Amino acid sequence: MDEHEPRIIAFLCNWCSYAGGDLAGVNREQYPPNILSIRLMCSSRVSPEHVLESFQEGADGVLVAGCHPGDCHYINGNYKTKRKIEMMSKILKDMGINPERLRLEWISSAEGGKFAKVMKEMVEEVKQLGPLDLSDVPLEE
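Structure report, in brief. Computed from a predicted structure; not experimentally measured. (Residues numbered from 1 in each chain as written. Predicted model: local features only at pLDDT ≥ 70, side-chain atom pairs only at ≥ 80, totals over all residues. Heavy atoms only, no water.)

As a further point, take the overall build of the protein chain. Check the secondary structure of the protein chain and you find four helices and four strands. Starting at the N terminus and walking to the C terminus, you meet the elements of the protein chain as β-α-β-α-β-α-β-α. Its C-alpha atoms give the protein chain a radius of gyration of 15 Å, near enough to 14 Å, the size a compact globule of 141 residues would have. The principal-axis extent of the C-alpha atoms belonging to the protein chain is close to 40 × 35 × 20 Å. The 141 residues of the protein chain split such that 44% are buried. (Helix = DSSP H or I, 4+ residues; strand = E, 2+ residues; numbered from the N terminus. Rg over C-alpha atoms; globule rule 2.2 N^0.38 Å. Buried < 20%, exposed > 50% of the residue type's maximum accessible area, 1.4 Å probe, protein only.)

Okay, structure coming up:
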């Protein structure tokens, strides 16, 4: 039997994390191709609906990455993101979804190596959790 390859959705801040991904590419940093990157102007634009819909549409994990605290181009967007992710972790746990499937990281545009490292770690962590089974999870209203 083949080993499950997890599907991960990564919501990336345009100014820092997405640029860090670009730097990883320029520097030829290797990371698994399991990541689907979605660029947002700010990590605070990720809503609980985005996270739940990602899981509902087949993602095994969701990563949200933004600017380091204090460096947000929109002043306090990453602080809002942190609160949203903390709330979403609790909601996922209450729904029976392991909250480790949702991860928040701060990655600057100069951290291409960290970007690649986080992507590798996320794939390995989600691989250890196995495929997400939503058969008993109430995602519809």
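Past the structure itself, the notes keep going.
Here we come to the side chain of R103. Looking at the secondary structure, you find R103 in strand β4 (residues 102–106). R103 gets classed as buried once you look at its relative accessible area, which sits at 12%. The contact partners of R103, leaving out residues within four places of it in the chain, are V62, L63, V64, V118, E121, M122 and E125. (Contact = heavy atoms within 4.5 Å.)

With that out of the way, let us pick up the nonpolar core. Generally speaking, nonpolar side chains in soluble globular proteins are found buried as a group. One finds F11, V51, V62, V64 and L102 to be the most contacted residues of the largest nonpolar core, which totals 17 residues. Those residues in contact with L102 that lie beyond four places of it in its chain are V51, V62, V64, I85, M88, S89 and L92. Counting residues in each nonpolar core, the second largest holds 14 residues, with A10, I35, M119 and V123 among its members. (Core = buried A, V, L, I, M, F, W, Y, C linked by side-chain atoms within 4.5 Å.)

What the rule picks out here adds up to nine salt bridges. Between K127 and E5 there is a salt bridge whose closest N-O contact spans 3.3 Å. Linking K127 in helix α4 (residues 112–129) with E5 in the segment before β1 (8–13), this pair joins segments that are 122 residues apart in sequence. Using a relative accessible area of 42% as the deciding quantity, one classes E5 as partly exposed. (Salt bridge = Lys/Arg side-chain N within 4 Å of Asp/Glu carboxyl O.)

Looking now at the pairing of strand β2 (residues 35–40). Of the pairings in the sheet, the one linking β1 to β2 comprises six bridges and is parallel in character. Across the sheet, I8 pairs through a bridge with I35, a residue of β2. With helix α1 (residues 17–26) bridging β1 and the parallel β2, this β-α-β connection has right-handed handedness. (Pairing = 2+ DSSP bridges. Right-handed = clockwise from strand over helix to strand, strands pointing away.)

Turning our attention to the environment of E29. If you trace the backbone, E29 turns up in the loop between α1 and β2. Aside from chain neighbours lying at most four places away, what touches E29 is A24, G112, G113 and A116.

Together, W15, M41 and Y74 make up a nonpolar patch on the protein surface, roughly 300 Å² of accessible area in all. For W15, a relative accessible area of 35% gives the class partly exposed. (Patch = residues over 30% accessible without salt bridge, like charges linked within 9 Å, V, L, I, M, F, W, Y side chains within 5 Å. Areas by Shrake-Rupley, 256 points an atom, 1.4 Å probe, with all protein chains shown as cover.)

With that out of the way, let us pick up the packing of helix α2 (residues 48–56) against helix α3 (residues 77–95). How two helices pack is summed up by the angle between their axes together with the distance between the axes. One can describe the packing of α2 onto α3 by two numbers: an axis separation of 10 Å at closest approach and a directional angle of 40 degrees. On the basis of the axis angle, α2 is oblique to α3. Seen from above, α2 lies across α3 with right-handed handedness. Here P48, V51, L52 and F55 of α2 come into contact with α3, specifically with M87, M88, L92 and M95. A per-class count over the contact of α2 with α3 returns eight nonpolar, no polar and no charged. (Axes fitted to C-alpha atoms, helices over the stretch in contact; angles between N-to-C directions. Parallel < 35°, antiparallel > 145°, perpendicular 65-115°, else oblique. Left-handed = near helix turned anticlockwise from the far one by under 90°. Nonpolar A, V, L, I, M, F, W, Y, C, P; charged D, E, K, R; others polar.)

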